[in-house]
Amino acid sequence: MRQQAAIAAKVFIQRDYTNGTVCQFQTKFPSELETRIDKQQFEETVRMLNNLYAEAEKLGSQSYIEGCLACLTAYAIFLCIETHYEKVLKKIAKYIQEQNDKIYAPRGLLLTDPIERGLRVIEVTIFEDRSLTR
Amino acid sequence: MHLGVSESMRECEYSQISTRSSTPMETPYKKRTPKKRKWESFPGRNKFYCDGRIMMAKQTGVFYLTLVLILVTCGLFFIFDCPFLALQLTPAIPVIGGVLFLFVMGTLLRTSFSDPGVLPRATQDEAADLERQIDVANGSTGYRPPPRTKEVVINGQTVKLKYCFTCKIFRPPRASHCSLCDNCVERFDHHCPWVGNCVGRRNYRFFYMFILSLSFLTIFIFAFVITHIILRSHRNGFLNALKDSPASVLEVVVCFFSVWSIVGLSGFHTYLISSNQTTNEDIKGSWSSKRGKDNYNPYSYGNIFTNCCAALCGPLPPSLIDRRGFIQSDTPQLAPPTNGITMYGATQSQQSHMCDQDQCIQSTKFVLQAATTPLLQQQSSDPVILTTSPENGSSLPGRTSLTLAGPCTSLPLGQPTPPTSTPSLSCHEATDLLPIHGHSHAHNHSHPLQEAVAHHHFLTPEEVPSPPGMLPCGSPLGHSHTMQASFYNPASQDSLHEDSVRGLVKLSSV
């Protein structure tokens, strides 16, 4: 209840489809965050996230080896090992946690991991200035 | 008035929050019962098994037919043909057959049981944010905006992103909404009844390997059953050979008919993979050169080899719907609005829910029903009473009738769309929650009526399931003046009418 009371607004950073279906988010700085955070800082966060997602979806030797091996085992191997994508998603979750702790929480903001929103948006929750509890 | 609406909506979302009070619609049961998994309240038309591990479409009859055909044919082959062939030719035959069979079953089950790449529906906050953005974009273009699309340039090609009214998102490129499963699926290929699931981004490679291996298996069985019969008939004659091994006849028939369709399908999908297209795009001719000289596929990597590798050996994205995760009880996404007129002052994040078109339409209908009740009771129409109202503005009657007629006209004219899972968007909820002396709802309509004007057009595609007969749509159009007369009739002191009056006064003050 207290947390609900403190939310002032939510900003949604939408996906950027100019490079196709690869998971990328728009780096345009939303106007609602102007008073809260430095533009450079925010764009840096989004750019880093975009790089991580690009790494997850990269068509490289690792993904090919994984794909071929999986095919040979009739994809039974997916029951045992963690895919490359899942490993990178864990990295992303850690990065977001770290960013929240260091940069966004002290400014009364909270980034939600896009995977919890179906990789559609980066949800930035803006808390009211005077609320100290989260 | 439209600008006023968006302004007041902005007021809704970004102002101070006051405490939330419980309402009849709130569902506290989630906190009391043990935690539910997300698949249990999945909005699409899917079936889940093994506590959410397995996900299939609603109609699975044909899938069982596929299973039976494969199992019976292979079973007969291993029992009746393989012993002879293993002895006469080589034991490698049943071994290869066995490997092929296991591969076919593995890929079939993977295709059928996995999430094809379903996009989870937008949360209420997201949907409200999108609506607001669209409102702002369409602010001055008129009463009814065009269907919602966004244009994106991908690799030099202009691609239109459509808005999905069911899922309340702008569909990513190559995504499509499956009307059978009622989900938006990424890189939607087609809905395959034979595997009992959609074929999309996450299970396309399994599907392709399934039909490819099934082609090999079918040809394999067909060839070796024919060989078996020929070898037997060298010994005992053709008719005796058939009598000795009757199962072979059945196998030959099944394989003969399967070969044409399965091999054909494999060839087709090989072509699709090498050109990096989906069945959906191919059927529509999205990237066909017939459409235009400069029309090309922006997703293709340029050469066949890379396209194949990308489709079959590319990274496998994880499921976005997290079906085995637990529902978080602290997100009151479905919390409805609370008390009425005070909402103007007590703006909160709930306003974004309160401004939800569900509530708006429900309240609008309430007002209209309230308005028509005296119409049925009293037959007198006294326009003279109207002269008391124009203190607020002589345009009131006209504007009110326009407002009241607006949502009504959208109902019977709704365009038919593929069945959605939100038919309860407006009407059904409205009837359930319209108590005769419902003060809580009576209070609600004052504010949302304004939104109703702005939002009613968005409802058109979804209004189809709602029977227009639920609302006396005809009467307000014809008897708008009569209605207003009855509103302002001081004789009716029913709280229902008081609130309707209050609502209309608020409307006129915009």
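Reading the values: the criteria
- Residues numbered from 1 in each chain as written.
- Chains lettered and ligands numbered in written order.
- Predicted model: local features only at pLDDT ≥ 70, side-chain atom pairs only at ≥ 80, totals over all residues.
- Heavy atoms only, no water.
- Salt bridge = Lys/Arg side-chain N within 4 Å of Asp/Glu carboxyl O.
- Helix = DSSP H or I, 4+ residues; strand = E, 2+ residues; numbered from the N terminus.
- Buried < 20%, exposed > 50% of the residue type's maximum accessible area, 1.4 Å probe, protein only.
- Pairing = 2+ DSSP bridges.
- Polar contact = N/O pair within 3.5 Å; in protein donor to acceptor, adjacent residues only side chain to side chain.

Take the pattern of salt bridges next. A full pass over the atoms with the stated rule returns 18 salt bridges over all chains. The shortest N-O distance in the salt bridge between glutamate 55 of chain A and lysine 91 of chain A comes to 3.3 Å. Here lysine 91 of chain A lies in helix H4 (residues 84-104) and glutamate 55 of chain A lies in helix H2 (residues 39-56), a separation of 36 residues in the sequence. The partner of aspartate 322 of chain B in a salt bridge is lysine 38 of chain B, with the nearest N and O atoms 3.0 Å apart. Taken together, the residues span a long stretch of sequence, with aspartate 322 of chain B in the loop between helix H10 (304-313) and helix H11 (350-354) and lysine 38 of chain B in the loop between helix H2 (29-32) and strand S1 (46-49) at a distance of 284 residues. Of the residues examined, aspartate 322 of chain B reaches a relative accessible area of 38% and is grouped as partly exposed. Through salt bridges with shared partners, a single ionic network connects Lys10, Arg117 and Glu123 of chain A together with Asp125 of chain B.

Moving on to the pairing of strand S2 (residues 54-57) of chain B. Residues and elements named next belong to chain B. Going residue by residue along S2, you find Ile54 and Met56 tucked away on one face and Met55 and Ala57 tucked away on the opposite face as well. Strand direction decides the pairing type here: S1 and S2, joined by 4 bridges, are antiparallel. Of the residues in S2, the one forming a bridge with phenylalanine 48 is methionine 55. In this antiparallel pair of consecutive strands, S1 and S2, the connection spans 4 residues, and cysteine 50 shows a positive phi of 55°.

What follows deals with the environment of asparagine 303 of chain B. Residues and elements named next belong to chain B. Within the secondary structure layout, asparagine 303 lies in the loop between helix H9 (279-284) and H10. Overall, the relative accessible area of 36% leaves asparagine 303 in the partly exposed class. Counting along the chain gives 28 residues from asparagine 303 to serine 275, while the straight-line C-alpha distance between them is 8.1 Å. Within the structure, the side chain of asparagine 303 is placed 3.2 Å from the backbone nitrogen of phenylalanine 305, a separation counted as a polar contact.

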